[in-house]
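Structural features, examined
One-letter residues, chain by chain:
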Amino acid sequence: MIRILTAGESHGKSLVGIIEGVPANFTIDLDSINKDLARRQLGYGRGPRMDIEKDKIEILSGIRGGKTLGSPISFLIQNKDYENWQEYMSIDGNNKEDRRVTRPRPGHADLSGIQKYSFDDIRNVLERSSARETAVRVAAGSILKGILKDFNINVLSHVIAIGGASVSDGTQDINLIKAADSSPVRCIEKSTEETILQKIQDAKLVGESLGGIFEVHIVGVPVGLGSYVHWDRKLDAKLAYSLMSIQGIKGVEMGEAFENANRLGSQTHDEIYYNSSEGYYRKTNYAGGIEGGMSNGQNIVIRCAMKPIPTLYKSLQSVDIITKEAVSASIERSDTCAVPAASVVGEMVAITVIAEEFFRKYGGDSKEEIMKRWQA
Ligand SMILES: Cc1cc2nc3c(=O)[nH]c(=O)nc-3n(C[C@H](O)[C@H](O)[C@H](O)COP(=O)(O)O)c2cc1C
């Protein structure tokens, strides 16, 4: 069983991750993990923080000679910005007070967070609720993605809408979707990409923020990950839970779930065919590759809706937590739109769930054991 822990504050010394349960003898490619970390930092609409951070993984344990040992893999990602924050983020009692935050931002963890943990400084909340944490989840997911490549499983994503501008063609063509990496907003339809770029620029000029929708495609998933036998073993439920845990994600859709809700049954279910070379196959994938809580051998397709970024340069109404006076919400350096970055996080979170379920089904202590089971 794979277990992942993340730790670290946004402006603390570093972020930390531990992955327990990775079997032995899998090759780990640090360059491709660093490439995924860089993909998370890209995207038109990101704020100035991304100019400071150049995320790199430092492995601390669990890998020797480039291969997994079967022991917990622990790793660090340094926060380069920490050098500007040492006097405010130190673990002793000598922190300066002037970056105390007392004006909660609507849409953030700020207000409920201080009430829940009895804090009088919102910084104690925002440092951890920040999406900086997703760097660790990207690194962990990328490690697992590298391992699943040995079993021909891969994950991709693209942005299908930002700020109300949507792609006209809901393509499922993986070769087309690969091109998302070369778009500044991860959108593969040129005309929509241009509209989105303009919308982000306009939003930035007036201190606004934008949300949107991205799609994750997981290819090569064998039949039967997840199960129908118990509610908490369903693959679609596990994916929805994990994807919903990404900061700012407020909706998760399996396949064309919301469009299917308006269609007739005969237009919704993917009819079953058989031939001796391919075995069972489908001509459509409205279900998004999951039926009855199990992968059905088709590509898994998931859509995620991200709300607009809650830190706005245009002021939002709030209340000072000390004086109780009406004030404008505080402003931390912020992205205007992070949907492209979130789509990379979505890939890595989704592949983590697939890895967990893959090892549950084909599990063993080493690559060799698992490979035999998978081939059989
Ligand atoms: C990659 C990524 C980058 C984000 N960047 C920001 C940001 O710069 N400013 C901000 O206020 N929120 C940002 N968010 C969203 C907030 O972290 C999120 O809305 C907040 O933690 C509240 O959580 P919730 O929206 O899940 O309820 C980002 C989210 C992601 C996934």
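Just so we're clear, the structure is a prediction, and the values are computed from it rather than from any experiment.

Scanning the chain from terminus to terminus reveals 12 helices and 17 strands. For 376 residues, the compact-globule estimate of 2.2 N^0.38 gives 21 Å, and the chain sits close to it at 22 Å. Taken along its principal axes, the extent of the C-alpha atoms in the chain is 75 × 50 × 40 Å. A buried classification covers 50% of the 376 residues belonging to the chain.

A separate point is empty space enclosed by the protein. Enumeration over the complete set of coordinates arrives at one cavity of 30 Å³ or more. Here the largest cavity defines a volume of roughly 40 Å³. Taken together, Gly170, Thr171, Gln172, Glu215, Gly255, Glu256, Val301 and Arg303 make up the full set of residues lining the largest cavity. Taken together, the residues that form the lining of the largest cavity break down as one nonpolar, four polar and three charged.

Attention now goes to the UniProt feature "binding site: FMN" (unreviewed entry) in the chain. When the UniProt feature table is mapped to this numbering, "binding site: FMN" (unreviewed entry) covers Arg128, Ser129, Ser130, Gln247, Gly248, Gly292, Lys307, Pro308, Ile309, Pro310, Thr311 and Arg333. These residues run over 206 residues, and the two farthest C-alpha atoms among them are 43.8 Å apart, placing them at more than one spot. The annotated residues named above include Ser129, Ser130, Gln247, Gly248, Lys307, Pro308, Ile309, Pro310, Thr311 and Arg333 as those lining the largest pocket. On the secondary structure map, Pro308 appears in the loop between strand S15 (300–306) and strand S16 (317–319).

Let us now look at the packing of helix H6 (residues 134–149) against helix H11 (residues 339–362). The geometry of H6 relative to H11 is characterised by a closest axis approach of 8 Å and an angle of 50° between their N-to-C directions. Comparing their axes, H11 and H6 come out oblique. Regarding H6 and H11, the two cross each other, and that crossing is left-handed. Contact residues: H6 offers Thr134, Arg137, Val138, Gly141, Ser142, Leu144, Lys145, Ile147 and Leu148, while H11 offers Val345, Met348, Val349, Ile351, Thr352, Ile354, Ala355, Phe358 and Phe359. Looking at the contact of H6 with H11, its residues break down into 12 nonpolar, four polar and two charged.

Within a sheet, neighbouring strands are paired by backbone hydrogen bonds and run either parallel or antiparallel to one another. Read across the open sheet, the four strands follow the order S1-S2-S6-S3; overall the sheet is antiparallel. Of all the strands in the sheet, the pair left with one neighbour each is strand S1 (3–7) and strand S3 (57–61). Across the sheet, the axes of successive neighbouring strands diverge by a mean angle of 20°, strand direction being ignored. One ladder, built from six bridges, connects strand S2 (residues 14–20) with strand S6 (residues 73–78); its direction is antiparallel. The residue of S6 that forms the bridge with Ser14 is Gln78.

Running from N to C, helix H9 (residues 235–244) and H11 cross one another at 145°; their axes reach a closest spacing of 9 Å. In the packing of H9 onto H11, the handedness of the crossing is right-handed. For the pair formed by H9 and H11, the contact residues are Leu235, Lys238, Leu239, Ser242 and Leu243 on the first element and Gly346, Val349, Ala350, Val353, Ile354, Glu357 and Arg360 on the second. Each residue belonging to the contact of H9 with H11 can be placed in one class, and the counts come to seven nonpolar, two polar and three charged.

Right, let's talk about the pairing of S1 for a bit. Sheet analysis places S1 next to S2, joined by five bridges and oriented antiparallel. Bridged to Ala7 within S2 is Val16. Where S1 folds back onto S2 in an antiparallel hairpin, the turn is made up of six residues, including Gly8, whose phi is positive at roughly 125°.

Next up on the list: the site of the ligand. Within the structure, the ligand sits among 18 residues, and His108, Lys307, Thr311, Ser334 and Asp335 are positioned closest to it. Between an oxygen atom of the ligand and a side-chain N or O atom of Lys250, the distance comes to 3.0 Å. The separation between a nitrogen atom of the ligand and a polar side-chain atom of Asp335 is 2.8 Å. Contact with the protein chains hides 87% of the accessible area of the ligand, taken as 620 Å² for the molecule alone. If you map the ligand onto the pockets, it falls in the largest pocket. Residues belonging to the shell around the ligand are distributed by class as follows: seven nonpolar, seven polar and four charged.

What follows concerns the nonpolar core. For soluble globular proteins, the rule of thumb is that nonpolar side chains tend to be buried together. By size, the foremost hydrophobic cluster in this structure holds 70 residues, and its most contacted members are Ile218, Leu239 and Ile302. Per-element tally for this core: the top contributor is H11, with 13 residues. Apart from residues lying up to four places away in sequence, Leu239 is in contact with Met254, Ile290, Ile300, Ile302, Ala350 and Val353.

What counts and how
Residues numbered from 1 in each chain as written. Predicted model: local features only at pLDDT ≥ 70, side-chain atom pairs only at ≥ 80, totals over all residues. Heavy atoms only, no water. Helix = DSSP H or I, 4+ residues; strand = E, 2+ residues; numbered from the N terminus. Rg over C-alpha atoms; globule rule 2.2 N^0.38 Å. Buried < 20%, exposed > 50% of the residue type's maximum accessible area, 1.4 Å probe, protein only. 1 Å grid on protein atoms, 1.4 Å probe; cavity = no way out; pocket = protein on both sides within 12 Å on 5 of 7 lines; lining within 4 Å. Points joined across faces, edges and corners; volume = space filled by probe spheres on them. Nonpolar A, V, L, I, M, F, W, Y, C, P; charged D, E, K, R; others polar. UniProt positions renumbered as here; feature names shortened; annotations may be inferred. Axes fitted to C-alpha atoms, helices over the stretch in contact; angles between N-to-C directions. Parallel < 35°, antiparallel > 145°, perpendicular 65-115°, else oblique. Left-handed = near helix turned anticlockwise from the far one by under 90°. Contact = heavy atoms within 4.5 Å. Pairing = 2+ DSSP bridges. Near = heavy atom within 4 Å. Polar contact = N/O pair within 3.5 Å; in protein donor to acceptor, adjacent residues only side chain to side chain. Areas by Shrake-Rupley, 256 points an atom, 1.4 Å probe, with all protein chains shown as cover. Sits in = over half its atoms within 2 Å of the grid points. Core = buried A, V, L, I, M, F, W, Y, C linked by side-chain atoms within 4.5 Å.

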